[in-house]
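# Architecture and fold: a report
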Amino acid sequence: DFRADTSYVRHEPAWVAEFDQYYYSVNPFVDSVANEPEGKAYRSSQLLLDAELARTEYYYDYLRRENLFYGLGGVDARRGAVSAQLTTFRSKREGDFGQVELDFLQRLMPHLRRACAIHFELFEAQLFKNACLENLHALPIGMILLDREKRTIFLNRMADAIVKDGRGIKLNAQGRCVAAQPSENSALQRLIDNSLPQGGNEHTSGGGLPLSRPQSD
C-alpha cells in the first residue's frame, strides 16, 4: 500500500500513522490533487476555500490538533495509480503561503520529479529482481551463482540445503564452492574455471561432475 509510505518531519509518528490508517480516506484534497498536473506546485487554498476546509472532519479532528491549516505542495511524479507528493503546512495564524513560496517550490519541482523517477525505477527493478529470484528458488535443482572471483553471490533454496548438508559440495571461508571430498576438489575447480569467461565475455559450459555424498553417521 503506497499510501502508507509517508515521510514526515516535526510530527509524532502516531499522528502520521492516523493519516495512513484513516484520515487519508477523508482528506478533502485527494480528489483535487488527482486533477493537478504532474510537476505543478499549488496552495491548498487554490483547491479548497478556507471556510469549506474548516467544516471538514479532516481539519477539525486532524489538522487542528497540530495547529495546521494552510498547505503548500505539489505532485512530484506519477507512475500508474501511484503518485509521490510533497506537502508542507502552517497554522492559520501564520496566514496562507505567498507567491514567493509558491514560486520557490515550483523551481524545486523538476529536481523532485527526477528524484522520484529514480526511486520508481529502483523500486521496479527490485520487484523484478525479487520475481526472478523466486523463480530460481522454485527450481527443483540446486543453483549457485558465482562472481568472476568464484565467490558465491546467490544460492537457491535447494542449493542452500545441499551446501548446509555439507556432504557433496560446501562453501569455504571465502564463499567459494569446494568439494566435500578433497580428492574431488581439483576436478570441481577445473569445471568452475572452464565455465568462466576466457579472454572475452563469452561463457562456456564447464561440464558435469558427480560428487560423492557419503552417508552421514
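To be clear, the structure that these remarks concern was listed above.
The model shown is predicted, which means the values in this text are computed figures rather than measured ones.

On to the overall build of the protein, then. Counting its regular elements, the protein contains eight helices and seven strands. The C-alpha atoms of the protein give 28 Å as radius of gyration, which overshoots the globular expectation for 217 residues (17 Å, by more than 25%). The dimensions of the protein, computed from C-alpha atoms along their principal axes, are 85 × 45 × 25 Å. Each of the 217 residues in the protein was classed as buried or not, and the buried ones make up 29%. If you take every contact in the protein between residues at least 6 apart in sequence, the share linking residues at least 24 apart comes to 50%. Here the protein contributes 26 positive and 29 negative side-chain charges, whose respective centroids are spaced 4 Å apart.

Extensive coverage of strand β2 (residues 70-79) is indicated by the burial of eight of its 10 residues. Both strand β1 (residues 41-43) and β2 contribute to a ladder of three bridges, which runs antiparallel. Looking at β2, one finds that R43 is bridged to L72.

Further remarks concern the packing of aromatic side chains. Counting across every chain of the model gives eight aromatic pairs. Here Y22 and Y23 contribute two aromatic rings whose centre-to-centre distance is 4.9 Å and whose plane-to-plane angle is 75°, an arrangement assigned as edge-to-face. According to the relative accessible area criterion, Y23 is buried, its value standing at 10%. Seen from their ring centres, F69 and Y70 are 4.8 Å apart, and the 75° between their planes marks the pair as edge-to-face.

Before going further, it helps to examine the nonpolar core. Among the nonpolar cores identified, the biggest contains 24 residues, and W15, F29, V33, L53, Y58, Y62 and L63 are the most heavily contacted of them. Where this core is concerned, the elements lending two or more residues are α1 (13-21), β1, α5 (57-62), β2 and α6 (99-137). Sequence-distant contacts of W15, that is, excluding residues within four places in its chain, are made with Y62, L63, R65, E66 and L68. Within the second largest apolar cluster, six residues are counted, among which are I169, C177, A179 and I192.

Before going further, it helps to spend a moment on the environment of P28. Mapped onto the elements, P28 comes out in the loop between α1 and α2 (30-34). With relative accessibility at 24%, the residue P28 sits in the partly exposed group. Setting aside residues no more than four positions away along its own chain, P28 makes contact with L48, L53, T56 and Y58.

The subject of this paragraph is the side chain of E36. Within the secondary structure, E36 is located in the loop between α2 and β1. On the basis of relative accessibility, which here comes to 14%, the residue E36 falls in the buried class. Residues in contact with E36, not counting those within four places in the same chain, are Y42, L47 and R78.

Rules used throughout
- Residues numbered from 1 in each chain as written.
- Predicted model: local features only at pLDDT ≥ 70, side-chain atom pairs only at ≥ 80, totals over all residues.
- Heavy atoms only, no water.
- Helix = DSSP H or I, 4+ residues; strand = E, 2+ residues; numbered from the N terminus.
- Rg over C-alpha atoms; globule rule 2.2 N^0.38 Å.
- Buried < 20%, exposed > 50% of the residue type's maximum accessible area, 1.4 Å probe, protein only.
- Contact = heavy atoms within 4.5 Å.
- Lys, Arg positive; Asp, Glu negative; His and termini not counted.
- Charge placed at Lys NZ, Arg CZ, Asp CG, Glu CD.
- Pairing = 2+ DSSP bridges.
- Phe/Tyr/Trp six-rings, centres within 6.5 Å; stacked < 30°, edge-to-face > 60°.
- Core = buried A, V, L, I, M, F, W, Y, C linked by side-chain atoms within 4.5 Å.

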